[in-house]
Amino acid sequence: SWGMMDQGQVRRQRLYRLSGIVLRRRDLGEADRLLTVFTRDRGKVTLLAKGVRRAASRKAGHLEPFTHTDLLVAKGANLDLVTQAETIDAHRHVREDLWLSSLAYAAAELADAFTVDEDPNAALFDLLLDTVGRLDSGQPSSLAMRYYELHVLALVGYQPQLFHCVHCNRPLEPVVNFLSLDRGGCLCPQHGANVDGTIALPLDVLKVLRYLQAHPWEQIAVLQLRPEVLAQVESILARYIVYHLERTLRAPVFLEKLRRALIAPKE
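Here the structure is a predicted model, which means the values were calculated and not measured.

A. Local environment of the overall build of the protein chain. Across its full length, the protein chain holds 10 helices and 8 strands. Taken along its principal axes, the extent of the C-alpha atoms in the protein chain is 80 × 35 × 30 Å. For the protein chain, restricting intrachain contacts to residue pairs at least 6 apart in sequence, the fraction spanning at least 24 positions comes to 58%. Per element, the accessible surface of the protein chain, about 14,000 Å² overall, is 52% carbon and sulfur.

Listed below in structure tokens is the structure:
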């Protein structure tokens, strides 16, 4: 009958496809989960997956954190519902390695922290997907993470100025310069030494940060860096990120979790 056809049409209009990366999930009630999914076209969305915590659920395996997944979603009154899920890439190697999965969690949390719902950032989506893929394929994990962090900063409007003094705009000399968190970049010795809240940047550390900022991943992946230089780069980026997230008034609990993920204990 006409009425039946009409219902079918309504149902079809209510369904849409979405592919994305699962950033995080939260248990709800007895068997359901709330998912935060980062998509290329729509940005970050919150979806409800009903029944996925039941043993018999076929969707559960396709909705793990940092899985790249293809979803069929139904429009709901308050939350849209996941009706089908199909894995595009499970990033299985990352999932089976505790250290790599902690890095992937940190990468997902960073994308989550710097984005708001329904605000598309295709370049950030691609960067996150590429980064988890790099971790998964055994590329240098520490370099992959530093490259990711520096480029996330650029894509969300916090790119640090590493080539000129942010005070006098003169090109930085090859000496110990200083990083100012609140001014978003480097200060020359004249304007940065003995100034509160600046971090001394040894020349080799500044060189690495610049190289990470200015070159494609293929040229980064082959770098051989001294562990102590890499550790300094990591700690400086962590401080820079946490500072700017605090300025954007993220929830303190979330920040503390992120701070622990960024400044994670080493293997």
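B. Representation of the packing of helix α7 (residues 203-214) against helix α9 (residues 227-247). Contact geometry of α7 with α9 gives a least axis separation of 9 Å together with a crossing angle of 70 degrees. Compared by their axis directions, α7 and α9 come out roughly perpendicular. As α7 packs across α9, the resulting crossing turns out to be right-handed. In this structure, α7 uses Asp-204, Val-205, Val-208, Leu-209 and Leu-212 to contact α9, whose residues at the interface are Val-229, Gln-232, Val-233, Ile-236 and Leu-237. Its residues assigned to classes, the contact of α7 with α9 comprises 8 nonpolar, 1 polar and 1 charged.

C. Broad picture of the sheet that holds strand β6 (residues 177-180). In spatial order, the strands read β7-β6-β8; together these 3 strands make up an open sheet with antiparallel pairing. Two strands lie at the open edges of the sheet, namely β7 (185-187) and β8 (198-201), each paired on one side alone. Direction aside, the axes of adjacent strands within the sheet are offset by 40 degrees on average. By the bridge criterion, 3 bridges tie β6 to β7 in an arrangement that is antiparallel. Opposite Phe-178, over in β7, you have Leu-187 as the bridge partner. Where α7 meets the sheet, it contacts β6, β7 and β8, and its direction lies at approximately 95 degrees from that of β8.

D. Highlighting the pattern of salt bridges. Across all of its chains, the model carries 13 salt bridges by this definition. The closest approach of N and O atoms between Arg-53 and Asp-27, which form a salt bridge, is 3.6 Å. With Arg-53 in the loop between β3 (43-49) and β4 (68-74) and Asp-27 in strand β1 (residues 15-28), this residue pair connects regions lying 26 residues apart in the sequence. The class of Arg-53 is partly exposed, set by a relative accessible area of 30%. Asp-27 sits in the partly exposed class, given a relative accessible area of 45%. Asp-32 is the partner of Lys-50 in a salt bridge, and the nearest nitrogen-oxygen pair spans 3.6 Å. Residue Lys-50 is found in the loop between β3 and β4, and its partner Asp-32 is found in strand β2 (residues 32-39); the two are separated by 18 residues along the sequence.

E. How the structure looks around empty space enclosed by the protein. On inspection of all chains with the given rule, the structure shows 1 cavity of 30 Å³ or more. Considering the residues around the largest cavity, the lining is formed by Leu-150, Pro-160, Leu-162, Leu-179, Leu-209, Ile-236, Leu-237 and Tyr-240. Per element, the largest residue contribution to the lining of the largest cavity is 3 residues, and it comes from α9. A breakdown of the residues in the lining of the largest cavity according to their chemical character gives 8 nonpolar, no polar and no charged.

F. Structural view of unusual backbone geometry. One non-glycine residue, His-91, lies in the positive phi region at around 50 degrees. Of note, the phi angle at Asn-169 is positive, near 65 degrees, even though the residue is not glycine. Its location among the elements puts Asn-169 in the loop between α5 (141-155) and β6. What makes Asn-169 exposed here is its relative accessible area of 56%.

Parameters and conventions
- Residues numbered from 1 in each chain as written.
- Predicted model: local features only at pLDDT ≥ 70, side-chain atom pairs only at ≥ 80, totals over all residues.
- Heavy atoms only, no water.
- Helix = DSSP H or I, 4+ residues; strand = E, 2+ residues; numbered from the N terminus.
- Contact = heavy atoms within 4.5 Å.
- Areas by Shrake-Rupley, 256 points an atom, 1.4 Å probe, with all protein chains shown as cover.
- Axes fitted to C-alpha atoms, helices over the stretch in contact; angles between N-to-C directions.
- Parallel < 35°, antiparallel > 145°, perpendicular 65-115°, else oblique.
- Left-handed = near helix turned anticlockwise from the far one by under 90°.
- Nonpolar A, V, L, I, M, F, W, Y, C, P; charged D, E, K, R; others polar.
- Pairing = 2+ DSSP bridges.
- Salt bridge = Lys/Arg side-chain N within 4 Å of Asp/Glu carboxyl O.
- Buried < 20%, exposed > 50% of the residue type's maximum accessible area, 1.4 Å probe, protein only.
- 1 Å grid on protein atoms, 1.4 Å probe; cavity = no way out; pocket = protein on both sides within 12 Å on 5 of 7 lines; lining within 4 Å.
- Points joined across faces, edges and corners; volume = space filled by probe spheres on them.

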